[in-house]
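Close look at the chain arrangement
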Amino acid sequence: MNKSILIIGACGQIGTELTLKLREINGANQVIASDIKEGNKELMQSGPFEFINAMDYNSIEKIIEKYAINEVYLMAAMLSATGEKYPAKAWELNMNSLFNVLNIAKEGKIKKLFWPSSMAVFGPSTPKENTPQETIMEPTTVYGISKQTGERWCEYYFNKYGVDVRSIRYPGVISWRTNPGGGTTDYAVEIYHEALLKGEYTSFLKKETKLPMMYMDDALEATIKIMDAAPETIKIRSSYNLAAISFTPEEIAAEIKKEIPEFKISYNPDFRQTIADSWPKSIDDSRARKDWNWNHTFDLKKTSEIMLENLRLKYNLP
Ligand code: AKB
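So, a few notes on the structure that sits alongside this text. (Residues numbered from 1 in each chain as written. Predicted model: local features only at pLDDT ≥ 70, side-chain atom pairs only at ≥ 80, totals over all residues. Heavy atoms only, no water.)

A word on the overall build of the protein. The helix and strand tally for the protein stands at twelve helices and 14 strands. Relative to the compact-globule value of 20 Å for 318 residues, the protein shows a C-alpha radius of gyration of 19 Å, a close match. If one aligns the C-alpha atoms of the protein with their principal axes, the spans along those axes are about 55 × 45 × 40 Å. Buried positions account for 56% of the 318 residues belonging to the protein. Long-range pairs, those at least 24 residues apart, make up 78% of the contacts in the protein between residues at least 6 apart in sequence. Accessible surface, the protein as shown: approximately 13,500 Å² in total, 49% of it carbon and sulfur. (Helix = DSSP H or I, 4+ residues; strand = E, 2+ residues; numbered from the N terminus. Rg over C-alpha atoms; globule rule 2.2 N^0.38 Å. Buried < 20%, exposed > 50% of the residue type's maximum accessible area, 1.4 Å probe, protein only. Contact = heavy atoms within 4.5 Å. Areas by Shrake-Rupley, 256 points an atom, 1.4 Å probe, with all protein chains shown as cover.)

Applying the stated criterion across every chain, the model contains twelve aromatic pairs. Pairing Phe-114 with Tyr-170 gives two aromatic rings, centres 6.3 Å apart and planes at 65 degrees, and the pair type is edge-to-face. Of the two residues, Phe-114 is situated in strand E5 (residues 112–114) and Tyr-170 in strand E8 (residues 168–170); the sequence distance between them amounts to 56 residues. Taken as a pair, Phe-114 and Tyr-170 share a single burial class, namely buried. The interplanar angle of 55 degrees and the centroid separation of 4.8 Å between the aromatic rings of Tyr-215 and Phe-298 together place this pair among those described as tilted. Taken as a pair, Tyr-215 in strand E11 (residues 211–215) and Phe-298 in the loop between helix H11 (286–292) and helix H12 (300–314) lie far apart in primary sequence, 83 residues in all. For the pair Tyr-215 and Phe-298, one class covers both residues: buried. Of the aromatic side chains, those joined through ring pairs into one cluster are Phe-99, Trp-153, Tyr-156, Tyr-157 and Tyr-161. The ring of Tyr-86 has Lys-89 sitting right over it, with the charged end atom 5.2 Å from the ring centre. Just above the ring of Phe-204 sits the side chain of Arg-272; from NZ or CZ to the centre is 3.5 Å. (Phe/Tyr/Trp six-rings, centres within 6.5 Å; stacked < 30°, edge-to-face > 60°. Lys NZ or Arg CZ within 6 Å of the ring centre and 35° of its normal.)

A few words on the sheet that holds strand E6 (residues 117–118). Picture the strands of a sheet paired through backbone hydrogen bonds; they go either parallel or antiparallel. With parallel pairing, the three strands of this open sheet are ordered in space as E6-E8-E12. Of all strands in the sheet, those with a lone pairing partner are E6 and strand E12 (240–241), marking the two edges. The sheet contact formed by E8 and E12 spans two bridges and is parallel. Counted as the bridge partner of Arg-169 is Asn-241 from E12. Across the sheet, helix H8 (residues 216–228) touches E8 and E12, and the angle it forms with E8 is around 170 degrees. (Pairing = 2+ DSSP bridges. Axes fitted to C-alpha atoms, helices over the stretch in contact; angles between N-to-C directions.)

In this section: the packing of helix H9 (residues 249–259) against H12. Helix-helix packing: each pair is described by the crossing angle between the helix axes and the interaxial distance. Here H9 crosses H12 at 55 degrees, and the two axes come no closer than 10 Å. Accordingly, the angle class assigned to the pair H9 and H12 is oblique. Crossing angle aside, the handedness with which H9 passes H12 is right-handed. Only Leu-300, Lys-301, Ser-304, Glu-305, Leu-308 and Arg-312 of H12 make contact with H9, whose side of the interface consists of Glu-251, Ile-252, Glu-255 and Glu-259. Taken together, the residues of the contact of H9 with H12 sort by class into three nonpolar, one polar and six charged. (Parallel < 35°, antiparallel > 145°, perpendicular 65-115°, else oblique. Left-handed = near helix turned anticlockwise from the far one by under 90°. Nonpolar A, V, L, I, M, F, W, Y, C, P; charged D, E, K, R; others polar.)

Taken together, Leu-79, Ser-80, Ser-118, Met-119, Tyr-143, Gly-183, Thr-184, Thr-185 and Trp-279 make up all the residues around the ligand. For the ligand, an oxygen atom lies 2.7 Å from a polar atom in the side chain of Tyr-143. At 2.7 Å from an oxygen atom of the ligand is found a main-chain nitrogen or oxygen belonging to Thr-184. Compared with its free state, where it exposes 250 Å², the ligand has 93% of that area covered by protein. For the shell around the ligand, the class distribution of residues is four nonpolar, five polar and no charged. Split by domain, the shell around the ligand shows at least three residues from each of two domains, domain 1 (5–172 + 216–241) and domain 2 (175–213 + 244–314). (Near = heavy atom within 4 Å. Polar contact = N/O pair within 3.5 Å; in protein donor to acceptor, adjacent residues only side chain to side chain. Domains from an automatic or database assignment.)

In this structure, Val-101 sits in helix H5 (residues 87–106). Linking Val-101 and Ser-167, residues 66 residues apart in sequence, is a C-alpha distance of 13 Å.

Let us now look at the nonpolar core. Tyr-192 and Trp-292 are the most contacted members of the largest nonpolar core, which has 74 residues in total. Looking at which domains feed residues into this core, each of domain 1 (5–172 + 216–241) and domain 2 (175–213 + 244–314) supplies at least three. In contact with Trp-292, not counting residues within four places along its chain, are Ile-168, Ala-222, Lys-225, Ile-226, Ala-229, Ile-234, Tyr-240 and Leu-242. Core analysis: the next-biggest nonpolar cluster, separate from the first, contains 28 residues, Ala-54, Ile-60, Ala-76 and Val-142 among them. (Core = buried A, V, L, I, M, F, W, Y, C linked by side-chain atoms within 4.5 Å.)

The mixed open sheet is built from three strands, whose spatial order is E9-E11-E13. At either margin of the open sheet sits one strand with a lone partner, and together these are strand E9 (172–174) and strand E13 (245–247). Along the sheet, successive strands turn relative to each other by an average axial angle of 45 degrees, direction set aside. With three bridges connecting them, E9 and E11 associate as parallel partners. Counted as the bridge partner of Ile-174 is Tyr-215 from E11. Taken strand by strand, helix H7 (residues 187–197) contacts E9, E11 and E13, and its axis lies near 25 degrees from that of E9.

What follows is the structure, encoded as C-alpha cells:
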C-alpha cells in the first residue's frame, strides 16, 4: 500500500525537517504538511500544505479524507518553558490534539500514528543517570505531565482499541535548518547561532547542567525507524526512551572554542534551570536499540562541526 502521510505541526523544529525527509523518501505529494501558520520557504515550496488547527477534530478529519491519509505524525505541542508560562493552554493543546488523532485512528480512518513524547516525563524523583525505561515518573512541568498522561492514553488506545500508535521520548534536539521554540534544551541551538554572530553567549542554564541531547538527523532516523518497524517488534506502546549524547553548557562551549577560540560563555540561570534540574542527565535506551535496532550516529564533536559549518553558510560568514 502506498503511504499517504499527514504531518500536523509541520512548521515546528522537528516537524519541518521530518516533512522534508519523508518527502524525500516517499515523494513530495505523498506527504501533506499542516499547521496553524505557514512554515519556512523550503517547507512551503516542497509539497502540499493545508491549514489545520490540531485542536479541531473536524479540520483534521477533512484533510485525512481529502488525501486518503493512512499515517499521521502529530508534531504540534507546547514545550516545557512556554508551557510553564501558559499552563492551561499547554494542557489544552497537548491533550486535545492527541485525543483528536487517537480517536481518528480508533474510528479506523488511519492505519498508523506517531506521537512524540519527551524526557520531560521524568521528574526530580527519577534516577538521574542512565534513567531506565520503567522507573519513577513524577514530572513537575505541565509539558511533562501532558506527555506522561499522553503516554498512558496511547497505551490504553493500543490495548483497548488496537490503535497502532508509536512513540519515542525525545531528548533535546539540535538542528541548524530550523530553530526550536519554547523548550528548556533550546540553549544548545542558540549557543551556535550566537557564537557565530556575536562571539559570546549567556546560558540560561548553569555550566554543570548535564542533559540528554541528540542531533536532528538521529532524531529523524529514530522517528522513521520506529514507524517502519514491523508492528510485533514494537513492544512498548506508551513511549520508548531514546538517547544519543549528554553534555553540559560548559562542555558544548569547549567544543565550540575548538573552532572559534575567542568564543566566550557566561551563565545567568533563569526559571528553566529548575526544569532542567528535574530531568535526567543520561538515559538508558536499550529497549529501543533491542526492539527496533535504534542506533545513534552523531556525537558532540560531529554535531558541533555540522552546526557551525551550516550556520556559517546560512549567515554568509567566512
Ligand atoms: C524541551 O526542552 O521542552 C524539549 C523536550 C526535551 O522535550 N526540547
